[in-house]
Amino acid sequence: MSVRFESVPVLDVNTNNIEVLWPSLMKAMDSSTFIAVDTELSGIGTRKTLMAKSVEDRYKGTAENAKTRSVVSLGLSCFKLTHVDTKPKKQAGNMSDDSFVDEHSSTSCHTWNFLVQTYNIMALCQEEYVVEPSSLKFLVEHGFDFNKQYSCGVGYYRGNDKPDLISDKKCLRSVFTALVKTKKPVVFHNALTDLVFLYQNFYASLPSAMSTFIADLTEIFTGGVYDTKYVTDYVHRMPASYLEYVFRKSQRDNVQRYNTERSSVTINILPYPASDTVNYCKCGLPQGSLQGTDPDQETLQAIKEHICLGFAGHGWCSSGDRCSKSHDIDLILDMDHLVQTRKSRKRKRRNRNQQSDNGDSDESQEPVNNQFTKDQFEEFMSKRLGSGEICQHAGCHRAGFDSFMTGFSFAVYISKYGSYKGSLNLDDCGMEAFKNNVYLSGKNMPLTIVKSAFSKTSKDHKEKIKRISEIVKNSDI
Ligand SMILES: [Zn+2]
């Protein structure tokens, strides 16, 4: 594959094929540089819980939800950095695009090559659980097949290990155990909810205090936890930070970076034989973009009116499929780009006017090049229909595809903010500033996954991690 890709394969794992796919899943995890993880849940609780002012309350609320809701699918996207190509830059970059505040002014650029293997494991909690109507609606609208989940979801139970069930080796809890055993860096998008749910559903009973939970995490994910929502919100500062937006922006930035001789990411996939297990999720970039056009005020207004602004800001709209406005992520990105370009032009003009101090800051005095009219926009939209949609109906492999989107966005952040010093280990790629920082909605600071001198790990965790280390020992013999 290349810097551009049209689709990505997601392997569907269920009770019928878990035995067969197990060795390749284990190998993909063991050989990866980092593993992106995503969960699809039967509910996440109320906004009041998720946005609670006190972070401790937020943890307690989410923990309560994790005990009553369930994981309906688990996505794992294994990214293996195979090699990095280095080539000298022809000339120092002089980029006009202000969305790239560049990282390192180096004289060479790198192509980071990743081999990507993505799995979607359908899960079925064996205990009673709550399904929230809004989550049900979301899952159904995205093509989730509940019949399939009940007939071939991989079963699991919550909380601590049940000694009589430990012998069942190829189950969901052992996938999580394998994830812990690999000691690889794990990457999430908005990590906190995922971490709390993973812990309660596949690991052990959650501790009551958040500090204990954090201490446990430092021993569970020894390769470090990364959160692409943290990088996006605190460092990259995009206008929005929901996963689809971040992924598409990363994908577009990556192509542009490649074309302008800056460091970029190339992904490679395995040549899977055609089967029901492999699903290709479409995610190619559409033909044409409004980036680089110069719409007048009226046209910009027409573009804005075409778009569902609720969806544009948060990636979610209560009307879902029935919304009369566009949820086209590329159009949303184009609009944000045009608005930003306009703002920075105004800023530059203001600065110039202040410098010349002639008091003339009337924008209408500036020559505006009306290259793009309302009619042209309508023509553009009629050509655009249907092209370049991101896997809207990923159906039962949504968690898998979401984990891929998370991993890819992270890979692009490595090429942008990281540095290559000859090693293929993530710890040597200059990403320390992002390690173990978890995004907290509405807070100025991230949650750091660091063990404090005052907090102890939990009893349940101590027992569990001991059992895991014994599994490692036994498998070495
Ligand atoms: Zn809408």
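Fair warning: this is a prediction, and the values are worked out from it, not measured in the lab.

## Details of the overall build of the chain
Right, on to step 1. Scanning the chain from N- to C-terminus turns up 16 helices and eleven strands.
Right, on to step 2. By the burial criterion, 39% of the 477 residues in the chain qualify as buried.

## Quick look at the nonpolar core
Right, on to step 1. Grouped together as the largest cluster of nonpolar side chains are 102 residues, with contacts concentrated most on Ile35, Ile121, Ala123, Leu172, Ala411 and Val438.
Right, on to step 2. For this core, the leading source of residues is helix 15 (residues 398–417), giving ten residues.
Right, on to step 3. Setting aside residues no more than four positions away along its own chain, Ile121 makes contact with Val13, Ser73, Leu74, Val154, Leu172 and Val175.

## A short note on the pairing of strand 1 (residues 7–13)
As a general feature of sheets, a regular strand has side chains that alternate between the two faces.
Right, on to step 1. With five of its seven residues buried, strand 1 lies for the most part within the structure.
Right, on to step 2. Examined bridge by bridge, strand 1 and strand 9 (residues 278–282) share five bridges and lie antiparallel to one another. Counterpart to Ser7 in the pairing with strand 9 is Lys282.
Right, on to step 3. Alignment of strand 1 against strand 4 (residues 108–125), held across four bridges, turns out to be parallel. Among the inter-strand pairings, Leu11 is bridged to a residue of strand 4, identified as Tyr119.

## A short note on the packing of helix 3 (residues 55–68) against helix 7 (residues 191–203)
Right, on to step 1. Running from amino to carboxyl end, helix 3 crosses helix 7 at an angle of 45 degrees, the nearest separation of the two axes being 9 Å. It follows that helix 3 is oblique to helix 7 by the angle criterion. Judged by the sense of rotation from one axis to the other, the crossing of helix 3 with helix 7 is right-handed. Only Leu192, Thr193, Val196, Phe197, Gln200 and Asn201 of helix 7 make contact with helix 3, whose side of the interface consists of Thr62, Ala63, Ala66 and Lys67.

## As for the pairing of strand 2 (residues 34–41)
Right, on to step 1. With eight of its eight residues buried, strand 2 lies for the most part within the structure.
Right, on to step 2. Burial of the side chains of strand 2 extends over both faces: Phe34, Ala36, Asp38 and Glu40 are buried on one face and Ile35, Val37, Thr39 and Leu41 on the other.
Right, on to step 3. Looking at chain direction, strand 2 and strand 3 (residues 71–88) are connected through eight bridges and run antiparallel. The partner of Leu41 across the bridge, within strand 3, is Val71.
Right, on to step 4. Two strands pair when backbone bridges link them, and strand 2 and strand 6 (residues 186–188) are joined in this way by two bridges, in the parallel orientation.

## A closer look at unusual backbone geometry
Right, on to step 1. Positioned with a positive phi, Lys183 is a non-glycine residue whose angle comes to about 60 degrees.
Right, on to step 2. Mapped onto the fold, Lys183 is located in the loop between helix 6 (172–182) and strand 6.
Right, on to step 3. Of note in the backbone geometry, Glu261 takes a positive phi value of approximately 55 degrees without being a glycine.
Right, on to step 4. Structurally, Glu261 is set in the loop between helix 10 (243–259) and strand 8 (264–268).

## Brief notes about the confidence of the model for the chain
Right, on to step 1. Predicted confidence across the chain gives a mean pLDDT of 88, with 89% of residues reaching 70 or more.
Right, on to step 2. Within the model, the stretch residues 92–102 combines pLDDT values under 50 with eight contacts to residues more than four positions away or in other chains.
Right, on to step 3. Segment residues 359–367: pLDDT under 50, and five contacts once partners within four positions in sequence are set aside and those in other chains are kept.

## Side note on helix 9 (residues 228–236)
Right, on to step 1. Every buried residue of helix 9 is accounted for by Thr228, Lys229, Tyr230, Val231, Thr232 and His236.
Right, on to step 2. Residues of helix 9 that are buried sit in contact with strand 6, strand 7 (225–227), helix 10, helix 15 and strand 10 (437–438).
Right, on to step 3. Just downstream of helix 9, Arg237 is the residue with a positive phi angle, here 50 degrees.

## A look at the environment of Leu124
Right, on to step 1. For Leu124, the position within the fold is in strand 4.
Right, on to step 2. When residues no more than four places from it in sequence are discounted, the contact partners of Leu124 are Gln149, Tyr150, Gly153, Val154 and Gly155.

## As for the packing of helix 10 against helix 15
Right, on to step 1. Look at helix 10 against helix 15: their axes get within 9 Å of each other, and the N-to-C directions meet at 45 degrees. With respect to each other, helix 10 and helix 15 are oriented oblique. Judged by the sense of rotation from one axis to the other, the crossing of helix 10 with helix 15 is left-handed. Packed against helix 10, whose contacting residues are Leu243, Val246, Phe247, Ser250, Asp253 and Asn254, the element helix 15 presents Asp402, Met405, Thr406, Phe408, Ser409 and Val412 at the interface.
Right, on to step 2. Classifying every residue of the contact of helix 10 with helix 15 by side-chain character gives six nonpolar, four polar and two charged.

## A word on the environment of Met238
Right, on to step 1. In this structure, Met238 sits in the loop between helix 9 and helix 10.
Right, on to step 2. Between the alpha carbons of Met238 and Asp336 there is a distance of 9.3 Å; along the sequence they are 98 residues apart.

Cut-offs and rules
- Residues numbered from 1 in each chain as written.
- Predicted model: local features only at pLDDT ≥ 70, side-chain atom pairs only at ≥ 80, totals over all residues.
- Helix = DSSP H or I, 4+ residues; strand = E, 2+ residues; numbered from the N terminus.
- Buried ≥ 20, exposed ≤ 12 C-beta atoms within 10 Å, placed from the backbone.
- Core = buried A, V, L, I, M, F, W, Y, C linked by C-beta atoms within 7 Å.
- Contact = placed C-beta atoms within 7 Å.
- Pairing = 2+ DSSP bridges.
- Axes fitted to C-alpha atoms, helices over the stretch in contact; angles between N-to-C directions.
- Parallel < 35°, antiparallel > 145°, perpendicular 65-115°, else oblique.
- Left-handed = near helix turned anticlockwise from the far one by under 90°.
- pLDDT = per-residue confidence, 0-100.
- Nonpolar A, V, L, I, M, F, W, Y, C, P; charged D, E, K, R; others polar.

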